[in-house]
Amino acid sequence: MRATFRNKTLAISSGFLLLVTLAAVAAPYLTSFSYEEQNIEARLEGPSAKHPMGTDSLGRDLYSRILYGARASMAVGFVTALCAVLIGTVYGAVAGWVGGWVDAFLMRVVDIFYVFPSLLIAILLMVVLGQGITGILIALALVGWVNQARLVRAQVLQVKEHLHVEAARAAGAGGFRIVGRHILPLILGPVMVSLTFQIPTSIMAESFLSFLGLGLQPPYSSWGTLAAEGFRGMRSYPHLIIFPGVALFLTMLAFQFLGDGLRDLLDPTTRS
Amino acid sequence: MLTYALKRLALAVPTMLALMLITFVVMKAVPGGPFDDEKALPPDVKAAIEKSYHFDEPVLRQFARYVSGALSGDLGPSYRYAGSRTVNEVIAESFPVSAQLGLVALAFAMSAGIPLGVLAARHRGGALDFSAMFLAIAGVSLPSYLVASVLILVFSLWLGWLPPALWEDWRSMVLPAVTLGLRPLAMVARLTRASLLETLHSDYVRTAEAKGLGARSILFKHALKNALIPVVTLLGPLVAATVAGSFVVEMIFAIPGMGKHFVSAVIDRDYTLIMGLTLVYGVLVIGANLAVDLVYGWIDPRMRAQT
């Protein structure tokens, strides 16, 4: 029963995420309103047939704004998670492959980053980089790599001892070639799983930063900035924060299930 | 055990120094300063301000001054509250508030998370397990501002049971503590479940079963004690999660704690306050991790042998 259940959640969560991604890309075709078109006469309306999620304090259609917000949220999540995973993979591979004092030093640095809450480091980085899209991209890419580095190092240490690596070495292959062609392909599975977990972490971090007013600035808007706007008027108009919040929640949930499902799929030992 | 403890402590010191160095360098690298105004200050006024904050000294000496100040417990003046309040005073006021909130949140997370994990493990594969684990996944997927909004709407605005903000009596503590504790709760429940499942498959539990002990006695007298050991290691990540969560939660509920001060210090570019608060957070997180290492080394002698 568990296997079929797992396949179902995997299918539903990846289908949902595909839908959100497509909706983000095709936002202009899915709504007749623009995200910035104001209509003061129709401000702060509840959900209706014309505005399925109501309107905000300037009369802008919330559904359109959430669709366009998905662009910023998903794009920031994908890009920063990809960068973080790349940095972490290279870092971890170097540490694991070279070993010795290089490894010891590199891992001490990781330990230092590891103990601190990444949101705290991201906020400190935002102070230096300045708020806005570039700052947030760099800050989130720079905080996400630590877990990845630990994971890849541990995997490289393991695969390094395999016979085929010894054979490659005996055949005269250099370090780059061995790591690139004989080790990394073998650990691609766990790397993909951790990418699936890194994307929602990044999306959530962006939304927190934006909610606090430290993240994206106008004209960019993400689910986090929408929630921040919504929070101010929440007492009288709860739909303004509920809809962007739920959009983020469902996306997070789908990523969690996708990550869990992928991990079980790729690692038969956790199947029971 | 003593050498192990000293080794662990010795590892914590460079981590702390590295944190100080990084925040110091970061704050020095920031473009623009707290005294950059729309209108340029007269040069002599600017020089006087810079002198009073020791900006005219070489950077290395500024760092040495900062470290020695921090070691003797003086974190310097706050830029924003220039003249009226020091960083020490801001921290002295806000630390007890945040500490109280954090402790209540963690107590909530533990007291609900462990039973939830145990229930899930006992009814493995059943509906109870499924709902408990769904709750745990939801706990890490829910943005805290959504949780806070729903709680405020239901318990403050509709039912009128609890205040929607501020920090006065125990009633004002409930909603922020629940919001802040939800993510830790999910972490605790997941780990408790996994660890208990593993323990329940171990040989000594089978022995207990073989000699005819009841399921209840095995679970509570034998399995749970060992299963909860890995949960101890969560303390470090839990403190980190609570610190990170407090930024949003204290802003939402208008709680005068360190998280709220930290966010407004960042917006106001109050560098000394940012550095001071980061330092306190550093001590907290490093301290929690050190405590985990020590407790774990004490419970499980194998840990001592490894280092």
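Residues numbered from 1 in each chain as written. Chains lettered and ligands numbered in written order. Predicted model: local features only at pLDDT ≥ 70, side-chain atom pairs only at ≥ 80, totals over all residues. Heavy atoms only, no water.

Caption draft 1: Spotlight on the overall build of chain A. Across its full length, chain A carries 11 helices and 0 strands. Put simply, chain A runs from its N terminus to its C terminus through helices and strands in the order α-α-α-α-α-α-α-α-α-α-α. Across the 272 residues that make up chain A, the buried fraction comes to 51%. When the accessible surface of chain A is summed, it comes to about 12,600 Å², and 66% of that surface belongs to carbon and sulfur atoms. (Helix = DSSP H or I, 4+ residues; strand = E, 2+ residues; numbered from the N terminus. Buried < 20%, exposed > 50% of the residue type's maximum accessible area, 1.4 Å probe, protein only. Areas by Shrake-Rupley, 256 points an atom, 1.4 Å probe, with all protein chains shown as cover.)

Caption draft 2: Main features of the interface of chain A and chain B. At the interface, 39 residues of chain A touch 51 residues of chain B. When chain A packs against chain B, close to 3,900 Å² is buried across both sides, 80% of that on carbon and sulfur atoms. For the pair chain A and chain B, the interface holds 1 salt bridge. For Arg190(B), the salt bridge is made with Asp260(A), and the minimal N-O distance between the two is 3.0 Å. For the interface between chain A and chain B, the tally reads 3 residue pairs in polar contact (both at pLDDT 80 or more). Of all elements in the fold, only α1 (2-25), α4 (100-115), α5 (118-129), α9 (188-211), α10 (223-232) and α11 (239-266) of chain A reach the threshold of two or more residues within the side of chain A that touches chain B. (Contact = heavy atoms within 4.5 Å. Buried area = accessible area lost by both parts, 1.4 Å probe. Salt bridge = Lys/Arg side-chain N within 4 Å of Asp/Glu carboxyl O. Polar contact = N/O pair within 3.5 Å; in protein donor to acceptor, adjacent residues only side chain to side chain.)

Caption draft 3: Quick peek at the nonpolar core. With 123 residues, the main nonpolar core has Ile123(A), Leu209(A), Phe247(B), Phe262(B) and Ile274(B) as its most contacted residues. Considering each element in turn, this core owes the most residues, 12 residues, to helix α13 (residues 271-299) of chain B. Grouped together as the second largest cluster of nonpolar side chains are 17 residues, Ala121(B), Ala227(B), Val231(B) and Leu238(B) included. (Core = buried A, V, L, I, M, F, W, Y, C linked by side-chain atoms within 4.5 Å.)

Caption draft 4: Quick look at the side chain of Thr242(B). Residue and element names in this part refer to chain B. Looking at where Thr242 falls in the secondary structure, it is placed in helix α11 (residues 235-252). For Thr242, a relative accessible area of 8% puts it in the buried group. Sequence-distant contacts of Thr242, defined by excluding residues within four places in its chain, comprise Gly102, Leu106, Leu180 and Pro184.

Caption draft 5: Structural view of unusual backbone geometry. For Ala254(B), which is not glycine, the phi torsion reads 50° and is therefore positive. Within the fold, Ala254(B) resides in the loop between α11 and α12 (258-268).

Caption draft 6: Molecular detail of the packing of aromatic side chains. Residue and element names in this part refer to chain A. This model, assessed by the stated rule, comprises 9 aromatic pairs over all chains. A centroid spacing of 5.8 Å and a plane angle of 70° characterise the contact between Phe211 and Phe231, whose relative ring orientation is edge-to-face. Remark: Phe231 occurs in helix α10 and Phe211 occurs in helix α9; sequence separation between them is 20 residues. With relative accessibility at 11%, the residue Phe211 sits in the buried group. (Phe/Tyr/Trp six-rings, centres within 6.5 Å; stacked < 30°, edge-to-face > 60°.)

Caption draft 7: Representation of helix α3 (residues 62-98) of chain A. Given a rise of 1.5 Å per residue, 37 residues ought to cover 54 Å, and the 53 Å separating the end C-alpha atoms of α3(A) matches this to within 8%. Just past α3(A), the residue Gly99(A) takes up positive phi, approximately 70°. (Expected span 1.5 Å × (residues − 1).)

Caption draft 8: Summary view of a nonpolar patch on the surface. A contiguous nonpolar surface patch, about 290 Å² in accessible area, is contributed by Ile87(A), Leu129(A), Ile138(A) and Leu142(A). The partly exposed category is assigned to Leu129(A), whose relative accessible area is 37%. (Patch = residues over 30% accessible without salt bridge, like charges linked within 9 Å, V, L, I, M, F, W, Y side chains within 5 Å.)

Caption draft 9: Region of interest: the pattern of salt bridges. One pass over the full model with this rule turns up 8 salt bridges over all chains. Asp260(A) is paired through a salt bridge with Arg263(A); the nearest N and O atoms lie 2.9 Å apart. Linking Asp260(A) with Arg263(A), this pair stays in helix α11, spanning 3 residues, or about one helical turn. Residue Asp260(A) is classed as buried on the basis of its relative accessible area of 13%. Between Asp129(B) and Arg193(B) there is a salt bridge, and its shortest N-O distance comes to 2.8 Å. Within this pair, whereas Asp129(B) is found in helix α5 (residues 127-141), its partner Arg193(B) is found in helix α7 (residues 171-200), the two being separated by 64 residues in sequence. Residue Asp129(B) is classed as buried on the basis of its relative accessible area of 3%.

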